[in-house]
Amino acid sequence: MDLVDMTIDVRYDMMRKRHAFLNEIAKQYSSLETFARERDEWFAIRGIELTFHHKCISLYMSLGYDEYETYYIIPGKDGKLNASEVIGWQDPYCFNDVINIFTGESVDEEKILTSIHDYSRSVSQNDTGNG
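This text gives an overview of the structure that appears in the document. (Residues numbered from 1 in each chain as written. Predicted model: local features only at pLDDT ≥ 70, side-chain atom pairs only at ≥ 80, totals over all residues. Heavy atoms only, no water.)

### Some details on the overall build of the protein chain
At step 1: A count of helical and extended segments in the protein chain gives 3 helices and 6 strands.
At step 2: Secondary structure elements of the protein chain occur, N-terminal to C-terminal, as α-α-β-β-β-β-β-β-α. (Helix = DSSP H or I, 4+ residues; strand = E, 2+ residues; numbered from the N terminus.)

Here it is as structure tokens:
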């Protein structure tokens, strides 16, 4: 599968699938420190760079041709960790941007820590690619 040369719609679908996958892993944890300690090598084996920050964890994925996506694991309101709806990426015009992958809109970086997707409401909207 070519991870870079996709239509924008297919690329967003793939981002949402990655988000759902990462969210399933993250919600098993309630501590950023524990997540980082227990998952660092697991992600490294898969070619994903995990970086622990004070308020979140970033997961950097190199997709080829200098393109990338960075996902963020953040604390949720329920005490469990979640994957943020906001990611960093290189857009089709080679600009670095921060976007909400469910709206497609560019957002400010501070939205990373507050944007949690409600999968209970979106499963019927096919956001995870499973329904």
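### So, the pattern of salt bridges
At step 1: Under the definition given, this model contains 5 salt bridges.
At step 2: In this structure, the salt-bridge partner of Glu-67 is Arg-11, at a minimum N-O distance of 3.0 Å. Of this pair, Glu-67 sits in strand β3 (residues 67-75) while Arg-11 sits in helix α1 (residues 8-26), placing them 56 residues apart in sequence.
At step 3: You can call Glu-67 buried: its relative accessible area is 13%.
At step 4: Residue Asp-13 is joined to Arg-16 by a salt bridge in which the shortest nitrogen-to-oxygen separation is 3.5 Å. Residue Asp-13 and its partner Arg-16 are located together in helix α1, separated by 3 residues, close to a single helical turn. (Salt bridge = Lys/Arg side-chain N within 4 Å of Asp/Glu carboxyl O. Buried < 20%, exposed > 50% of the residue type's maximum accessible area, 1.4 Å probe, protein only.)

### Describing the nonpolar core
The nonpolar side chains of soluble globular proteins are, as a tendency, buried together.
At step 1: Met-15, Phe-35, Ile-57, Leu-59 and Ile-73 are the most contacted members of the largest nonpolar core, which has 27 residues in total.
At step 2: Put simply, the parts of the chain that give this core at least two residues each are α1, α2 (32-45), β1 (48-52), β2 (57-64), β3, β4 (81-83) and β5 (86-90).
At step 3: If sequence neighbours within four positions are ignored, Ile-57 has contacts with Leu-32, Phe-35, Ala-36, Leu-50, Thr-51, Phe-52, Tyr-71, Tyr-72 and Ile-73.
At step 4: Counting 6 residues, the second-largest nonpolar core is a separate cluster that includes Tyr-72, Ile-74, Val-98 and Ile-112. (Core = buried A, V, L, I, M, F, W, Y, C linked by side-chain atoms within 4.5 Å. Contact = heavy atoms within 4.5 Å.)

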